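Structural characterization, general
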Amino acid sequence: MEIATRVWNHKWKIDPIVRSLIDTDFYKLLMCQSVFHNRRNVKVTFSLINRSRHVPLAKLIDEGELREQLDHIRSLSLTRGESTWLRGNTFYGKRQMFRSDFMEWFENLRLPPYFLERVGDQYELTFEGSWPEVMLWEIPALAVLMELRSRAVLNDMKKFELQVLYARAATKLWEKIERLREQPGVKIADFGTRRRHSFLWQDWCVQAMTEGLGENFTGTSNCLIAKNRDLEAIGTNAHELPMVYAALAQDDAALARAPYDVLADWHQEHEGNLRIILPDTYGTEGFLERAPDWLAGWTGIRIDSGAPEQGAEAAIAWWKARGEDPTRKLVIFSDGLDVEKILELYRKFQGRVRVSFGWGTLLTNDFRGLTTDDRLAPFSLVCKAVSADGRPTVKLSDNPNKAMGPAAEIERYKRVFRVGEQERRDVVV
């Protein structure tokens, strides 16, 4: 059935927004296992942050409908087929990536309660609990809010208007795919779960990428779609880990070590292409300058904020200074990408490093210019860990517009990590 007809006919009990506990990003499950083994008793609070305040979520989304969707997520548990896929499948060349103790815990998991309050035109949505449990709220919570916003706009459209909308969106994506096909060798994965237009649309986008790019489409971060479409599940780690480890540090010396303690634990847990450094949580330049030598032997690095060219050049220089061959290293670009930037970065760095891309919101939610007043344009919504064992978390990033945390703690972290002036860059999505 075509998506427009499905959208026209659907009721949420037939099409719940989140259909499964594995309708989430692969890196969340990888991180969850690491947290389960290393910091499972830490109490963490996650909170919704709408960076695009011009989008009045509480005016667009009915609170009762939002609660229904969140309550539905709390009723989910792993199915037998999902458990079998996680236990028996090969991920990144390794069978039984997820250990028995973690899987037994996950099979019995129900997500903890949520706390929802309307404040003006926005919602305050928070989740509190043990770290491995509460961290699994992040992706489904974002997916629910993004899709409820989409449904609110689509609800005003008639049947043929919907058909034209999706035809235009499909054409827009296919034209991007055709551009990418002109540049052989561009390796791209879908990273678009958290801010997708809808589950059905993400699934369609993945199928289009599979057909259009063939082996150059390396997989999807969405575990449920990877399972259903027999694709590689893609993902490594995220800022959440160093943010929580840093919040738990008892003094400045421990704080300075925290980002490396995270990766030491990850080193024990994973190998090969899962050993990807994410250096920008407290500034890429300082992170690389103080990084222990063993990290230079890791497979690659992910660039997720700041000027991507600058981040890649810093990584190349760092590898060379540590006696490593950059041409054997992997650089994954993943910040606010669209087709033009993907092609530009590929042409600049091909041959100098192994280049790959995690294409997110502008793959799975590019409805810009397709509706009146651009009501379906993507916007920047995040759900972040804001405290750990009662201590606030901080993120600095290579872009100060992405920084978060109490002002006094931000200044402390800048001092400890020796972060100077940074270039402010618009947060696209």
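Remember, it's a predicted structure, so these values are computed and weren't measured experimentally. (Residues numbered from 1 in each chain as written. Predicted model: local features only at pLDDT ≥ 70, side-chain atom pairs only at ≥ 80, totals over all residues. Heavy atoms only, no water.)

Looking at the pattern of salt bridges
The criterion, for reference: By definition, a salt bridge exists where a carboxyl oxygen of Asp or Glu is found within 4 Å of a side-chain nitrogen of Lys or Arg. A run of H or I in DSSP becomes a helix once it reaches four residues, and a run of E becomes a strand once it reaches two; helices and strands are each numbered from the N terminus. Buried residues are those whose accessible area, probed at 1.4 Å on protein chains only, stays under 20% of the maximum for their type, while exposed residues exceed 50% and partly exposed ones sit between those limits.
If you walk through the whole model with that rule in mind, you get 29 salt bridges. A salt bridge links Glu 240 to Lys 28; the nearest nitrogen and oxygen atoms lie 2.6 Å apart. Note that Glu 240 is positioned in helix H12 (residues 240–248) and Lys 28 in helix H2 (residues 26–38), a separation of 212 residues in sequence. Taken individually, Glu 240 and Lys 28 each receive the classification buried, so the pair is uniform in this respect. Between Glu 409 and Arg 412 there is a salt bridge, with its nearest N and O atoms 3.2 Å apart. Residue Glu 409 and its partner Arg 412 are located together in helix H18 (residues 407–416), separated by 3 residues, close to a single helical turn. When salt bridges that share partners are traced, they join Lys 172, Lys 176, Asp 338, Asp 366 and Arg 368 into one network.

Quick word on the pairing of strand S12 (residues 381–388)
Where we set the bar: DSSP bridges decide pairing: two strands pair if at least two such bridges lie between them.
Most of S12 is tucked away: 7 of the 8 residues are buried. With 7 bridges connecting them, strand S1 (residues 43–50) and S12 associate as antiparallel partners. Residue pairing across strands places Ile 49 opposite Val 382, the latter belonging to S12. In this structure, S12 lies alongside strand S13 (residues 391–392), joined through 2 bridges in antiparallel fashion. In the sheet register, Ala 388 faces S13, and the bridge partner there is Arg 391. Linkage of S12 to S13, two consecutive antiparallel strands, is achieved through a turn of 2 residues, within which Asp 389 is found at a positive phi near 50 degrees.

Observations regarding the sheet that holds strand S11 (residues 354–359)
The condition that has to hold: The contact rule is simple, with two residues in contact once any of their heavy atoms fall within 4.5 Å. Axis definition: a line fit to C-alpha positions, over the contact stretch in the case of helices; interaxial angles, taken between N-to-C directions, run 0 to 180 degrees.
The parallel open sheet is built from 6 strands, whose spatial order is S7-S6-S11-S10-S9-S8. Edge positions in the sheet fall to strand S7 (217–220) and strand S8 (276–277), since each has one partner strand and no second. Pairing between strand S6 (residues 188–190) and S7: 3 bridges, direction parallel. Looking at the pairing, Asp 190 lines up with Thr 220 of S7. The sheet strands contacting helix H10 (residues 199–213) are S6, S7 and S11, and the helix crosses S7 at an angle near 160 degrees.

A closer look at the side chain of Ser 221
Here is the rule we go by: Side-chain atoms alone can form a polar contact between residues adjacent in sequence; in general such a contact is a pair of N or O atoms within 3.5 Å, and within protein one must be able to donate a hydrogen while the other accepts it.
Relative to the elements of secondary structure, Ser 221 occurs in the loop between S7 and helix H11 (223–229). For Ser 221, the side chain forms a polar contact with the side chain of Asp 25, separated by 2.7 Å. Not counting residues up to four positions away in its chain, the partners in contact with Ser 221 are Thr 24, Asp 25, Phe 26, Asp 190, Phe 191, Gly 192, Thr 193 and Ile 234.

As for the environment of Arg 194
Structurally, Arg 194 can be placed in the loop between S6 and H10. In this structure Arg 194 comes out as buried when scored by relative accessible area, which is 14%. Considered as a pair, Arg 194 and Asn 399 are 205 residues apart in the sequence and their alpha carbons are 20 Å apart. With residues up to four places along the chain from it excluded, the contact list for Arg 194 reads Asp 25, Tyr 27, Glu 138, Ile 139, Leu 142, Ala 143 and Met 146.

Details of the packing of aromatic side chains
Counted only if it meets this: Here the aromatic set is Phe, Tyr and Trp, taking the six-membered ring for Trp, and pairing holds for ring centres within 6.5 Å; pairs whose planes are under 30 degrees apart are stacked, those over 60 apart are edge-to-face, and all others are tilted.
A complete count under the given rule lists 26 aromatic pairs for this structure. Aromatic side chains Phe 36 and Phe 102 sit 5.8 Å apart centroid to centroid with 70 degrees between the ring planes, which places their arrangement in the edge-to-face category. Here Phe 102 lies in helix H6 (residues 100–107) and Phe 36 lies in helix H2, a separation of 66 residues in the sequence. Taking relative accessible area as the criterion, Phe 102 reaches 1% and is therefore assigned buried. When the ring of Tyr 166 is compared with that of Trp 201, the centres are 5.7 Å apart and the planes differ by 50 degrees; the resulting orientation is tilted. One end of the pair, Tyr 166, is in helix H9 (residues 159–181); the other, Trp 201, is in helix H10, with 35 residues separating them in the sequence. As far as the burial class goes, Tyr 166 and Trp 201 line up, both buried.

Considerations on the pairing of strand S10 (residues 330–333)
Cut-off, in case you're wondering: Looking down the strands as they point away from the viewer, one classifies a crossover as right-handed if the path from the first strand across the helix to the second runs clockwise.
Alternating positions in S10 separate into two faces, Leu 330 and Ile 332 on one and Val 331 and Phe 333 on the other, with burial throughout. Both strand S9 (residues 300–303) and S10 contribute to a ladder of 4 bridges, which runs parallel. Paired with Gly 300 across the bridge in S10 is Leu 330. Handedness of the crossover joining S9 and S10 through helix H15 (residues 308–321): right-handed. Direction of pairing for S10 relative to S11: parallel, over a ladder of 4 bridges.

Brief notes about H10
Let me state the cut-off plainly: The span one expects for a helix is its residue count, reduced by one, times 1.5 Å.
When the terminal C-alpha atoms of H10 are compared, their 21 Å separation across 15 residues agrees well with the 21 Å that a helix rising 1.5 Å per residue should span. Along H10, 11 of the 15 residues are buried, which leaves the element largely enclosed by surrounding structure. Those residues of H10 that sit buried are Phe 199, Leu 200, Trp 201, Gln 202, Asp 203, Cys 205, Val 206, Ala 208, Met 209, Gly 212 and Leu 213. Positive backbone phi, at 60 degrees, marks Gly 214, one or two positions downstream of H10.

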